[in-house]
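Examining the three-dimensional arrangement
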Amino acid sequence: MTKKNFDQKVKRTKKLHKAIKINLKRRTIIVDDKLVYNKEVPIPSWIELSIIDVCNRSCSFCPKADPKVAPNTYQKMSMLLIEKLTNDLKKINYQGSVTLCGYGEPMLHKGVFEITRKLAEASYVEVVTNGDTLKPQSISKLYNSNVNKLLISLYDGPKQVEKFKKMAKEAKVPDDFVILRDRWHGADKDYGLKLTNRTGTIDIGNQDKLGTFTYCNYPSYSVLIDWNGDVFLCPQDWQRRITTGNIMQEDFFDIWTGKAITKYRKNLLEGKRCDSPCTECNAEGTILGKKHAEEWRKIYKIS
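Described in the following lines is the structure provided in the data block.

So, how was this worked out
- Residues numbered from 1 in each chain as written.
- Predicted model: local features only at pLDDT ≥ 70, side-chain atom pairs only at ≥ 80, totals over all residues.
- Heavy atoms only, no water.
- Buried < 20%, exposed > 50% of the residue type's maximum accessible area, 1.4 Å probe, protein only.
- Helix = DSSP H or I, 4+ residues; strand = E, 2+ residues; numbered from the N terminus.
- Right-handed = clockwise from strand over helix to strand, strands pointing away.
- Pairing = 2+ DSSP bridges.
- Axes fitted to C-alpha atoms, helices over the stretch in contact; angles between N-to-C directions.
- Parallel < 35°, antiparallel > 145°, perpendicular 65-115°, else oblique.
- Left-handed = near helix turned anticlockwise from the far one by under 90°.
- Contact = heavy atoms within 4.5 Å.
- Core = buried A, V, L, I, M, F, W, Y, C linked by side-chain atoms within 4.5 Å.

Among the six residues of strand 6 (residues 149-154), six are classified as buried, and the element is accordingly described as predominantly covered. Judged by which residues are buried, strand 6 turns out to be covered on both faces: Lys149, Leu151 and Ser153 on one side and Leu150, Ile152 and Leu154 on the other are all buried. In the classification by handedness, the crossover that spans strand 5 (residues 124-129), the intervening helix 4 (residues 136-144) and the parallel strand 6 is right-handed. In terms of strand pairing, strand 6 meets strand 7 (residues 178-182) through five bridges, oriented parallel. When the bridges of strand 7 are listed, Leu150 appears paired with Val178. At this point the chain moves from strand 6, through helix 5 (residues 159-171), to the parallel strand 7, and the crossover so formed is right-handed.

Here's what the structure looks like:
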């Protein structure tokens, strides 16, 4: 029997921007370096945390640009929820990353330093920000709150590079603590991003057509947790259509192995984007999480 090609490599019409290659390399090390198991099943290695539902910017390639789709609600995550998540992750010996980004700008949450310090008890911690609120003091405080990486997306042009390099130097943090990501490019360079339609929400730039990719590893290695504890399949679901559970009501591991996410995980490992929101998604879902996907296929006996 011929082995299936789960990666679905297709020829790109545009080369991946250098910044995207660097970002994928960094994430690959975190996601695919090693598998960690609990009760004989692989646990995730990437959790995106949306700690506040507001952004001070309105980028054309982001659903936040349309208040009808992704309005700023100003809702924010509580420390009670952070403590519950941290304890749940400790129980399963979590060794992946918790990345603060999601549906809003994390640095707008006044408790971000307390949040990162708590999460660092159980996880590698990253913060993704547009940098608008940053000062040398806040960069230093993030570092001293046990954040591992601070990723700053630069939307206003190359002039920002020197600005944030100077800021990091004044903060006296290690050279590799701050990662600057050039996002100032125009539509001809996909804005420096790997554009997706965010499950039918965004139609901008030169995107892959629906149906180009059918297999997807997202629910095999990652989830997104919203401000209120709702657990979503992946960061592509900007309309928050499918909740697989809530960590204030269940243990994280029970949600990870529950019926809701299992249904989607199985279908996507078989190349079936047959349920909403996956039917509207054009994301290439097999770039990361290959080892996790292989293990789940063995568990589900998918050949």
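As a further point, take the packing of helix 4 against helix 5. Angle between the axes and distance between the axes: these two values describe a pair of packed helices. Viewed as axis vectors pointing N to C, helix 4 and helix 5 meet at an angle of 60°, and their least axial separation amounts to 8 Å. Classified by the angle between their axes, helix 4 and helix 5 sit oblique to one another. As helix 4 runs across helix 5, the sense of the crossing is right-handed. Note on element contacts: helix 5 touches helix 4 through Met167, Ala168, Glu170 and Ala171, opposite Pro136, Ile139 and Ser140.

Once that is clear, we can look at helix 8 (residues 259-269). Among all positions of helix 8, only Ile261, Thr262, Tyr264, Arg265, Asn267, Leu268 and Leu269 are buried. On the buried face of helix 8, the contacting elements are helix 6 (218-221), strand 8 (222-225), strand 10 (243-246), helix 7 (252-256) and helix 9 (290-300). Looking at the residues trailing helix 8, positive phi occurs at Gly271, about 80°.

What follows concerns the nonpolar core. Considering soluble globular proteins, one finds that nonpolar side chains tend to be buried as a cluster. The biggest cluster of nonpolar side chains holds 69 residues, and the ones touching the most others in it are Leu49, Leu100 and Ile225. In terms of residue count, helix 2 (residues 79-91) provides more of this core than any other element does, five residues in total. Residue contacts for Leu100: discarding those within four places in its chain leaves Leu49, Ile51, Pro106, Val112, Ile115, Thr116, Leu119, Val125, Glu126, Val127 and Val128. The next biggest cluster of nonpolar side chains, apart from the first, holds 11 residues, and it includes Cys62, Ala70, Phe232 and Trp238.

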